[in-house]
Amino acid sequence: MAIDNFVLSLCLILLFGRVLGEAFKRLQLPAVVGEILAGILIGPSLLGWIAPHETLSVMAELGVILLLFSIGCETSIKHLYQAGNSAIGVALLGIALPAGVIGLVCLFYLELPGFTALYLGCALTATSIGVSVRVMAQAKRSQSREGHIILGAAVIDDIAGVILLSLLFNFANSGDISLLSSGLLILKIGAFLFLAPPLARLLLYLFRAVRPREKETGYEAIVTMILICLFAWLAHALHAPALLGGFVVGLALSRQFVSPLNRYLQNPFSFTHEMEVESKPLVDIFAPIFFVYVGISLDLSQIDLGWTGIFTLLMLSLLAIATKALAGLNVPGSLRSKAIVGSAMIPRGEVGLVFAEMGLQMEIISPKLFTELVVIIAITTLAGPLLLKWALAKDGK
């Protein structure tokens, strides 16, 4: 992308994302919905000012990495662990229902080839971490019991989505699934989530020790970006979602960090607090880019506007919403808690878009199916925050 096109595209993304995001906040609606609609407005679907591009896609991914970093800073490892069983139950049901129901509908009703039907079902299993946790954070509920279940289940969903994508990719290329390589992938991702936060914490002590004595503005922000980029690269190298790198660095900065090292090393709270404060403007700038880019990725002109096409699209979208919402039934407690968690699991996002893009490249799905899949992902991404906002309002009352 030429520099003039890039800076103009970035200007429009930030401007329209901010304006519509603020407008939706004033209407007591999630800002992410306004940011996605901003992308639809300036993207190919309406005005056509910005088209999807690899450069913008990379910036969008950096945005969601930084967003997960900010969520990790506020997350308690202890509370996340306590929510483990409920999060696993929600995640497993939220994977099995969409993959099974949507896959069978695509196979028998739409009469798609078996592997294509399975691929479409698996593409709609992964919850978008960024969308739901941002709505919970704006409602000041990210540290609630439901917030920890949502975060844990969404992380499991994304990891499972990456594993499913790897299995399907290997099958598409070789016609066979290697249990050994799949097992190694699961072990590598698990080891990363277990070992990365303590390692990042040790690096924090190192950077604090070599901090210049003179007060240099920007040192903490630079250190934060170094760690985020390093661990995002490590996560990607282990075939895990790069956004997990941002999340583990946030956990390492968290004032609620729990580790056996705590008894031997002084808590670097003042340093980590400065890192959070210095990096907040970066999060505020880059995080909305991801949500605007989801809207830009859509080209609604590819949609079949006949009655059959609209009915099929609405049916699949409703199934995608319902099968994820039902995952909330695995949450112990009141119906309101189930509704909050179920609503938060609805939005699909980055992993689903990766499924769509790779399916198109490998010719598993046609360009028409690709557009429909992206539209379904966008509909769930719009519907999820609205339903979550409603569920949180009911819970507040």
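Scroll up a little and you will see the structure.
A few points on the structure. (Residues numbered from 1 in each chain as written. Predicted model: local features only at pLDDT ≥ 70, side-chain atom pairs only at ≥ 80, totals over all residues. Heavy atoms only, no water.)

Re a nonpolar patch on the surface
Thinking step 1. Taken together, the side chains of Ile-3, Val-7 and Leu-8 make up a nonpolar region of the molecular surface, amounting to roughly 300 Å² of accessible area.
Thinking step 2. Within the secondary structure layout, Val-7 lies in helix 1 (residues 3-26). (Patch = residues over 30% accessible without salt bridge, like charges linked within 9 Å, V, L, I, M, F, W, Y side chains within 5 Å. Areas by Shrake-Rupley, 256 points an atom, 1.4 Å probe, with all protein chains shown as cover. Salt bridge = Lys/Arg side-chain N within 4 Å of Asp/Glu carboxyl O. Helix = DSSP H or I, 4+ residues; strand = E, 2+ residues; numbered from the N terminus.)

As for helix 6 (residues 114-123)
Residues spaced three or four apart along an α-helix point in a common direction, a consequence of the helix completing one turn every 3.6 residues.
Thinking step 1. Of all 10 residues making up helix 6, seven are buried, and the element is well covered by its neighbours.
Thinking step 2. All buried positions along helix 6 are accounted for by Thr-116, Ala-117, Tyr-119, Leu-120, Gly-121, Cys-122 and Ala-123. (Buried < 20%, exposed > 50% of the residue type's maximum accessible area, 1.4 Å probe, protein only.)

Digging into helix 1
Thinking step 1. Between its first and last C-alpha atoms helix 1 spans 34 Å; for 24 residues at 1.5 Å apiece the expected length is 34 Å, and the two agree.
Thinking step 2. Residues of helix 1 that are buried: Phe-6, Ser-9, Leu-10, Leu-12, Ile-13, Phe-16, Gly-17, Gly-21 and Phe-24.
Thinking step 3. In this structure, the buried residues of helix 1 make contact with helix 2 (31-42), helix 3 (54-73) and helix 12 (269-296). (Expected span 1.5 Å × (residues − 1). Contact = heavy atoms within 4.5 Å.)

A look at the packing of aromatic side chains
Thinking step 1. For the structure on display, the rule yields three aromatic pairs.
Thinking step 2. Consider the rings of Phe-115 and Tyr-119, whose centres lie 6.5 Å apart with planes at 50°: the pair is tilted. One end of the pair, Phe-115, and the other, Tyr-119, are both in helix 6, four residues apart, so they sit about a helical turn from each other.
Thinking step 3. Classification of Phe-115 as partly exposed rests on a relative accessible area of 22%.
Thinking step 4. The interplanar angle of 75° and the centroid separation of 5.1 Å between the aromatic rings of Phe-290 and Phe-291 together place this pair among those described as edge-to-face. In this pair, the class of Phe-290 matches that of Phe-291, namely buried. (Phe/Tyr/Trp six-rings, centres within 6.5 Å; stacked < 30°, edge-to-face > 60°.)

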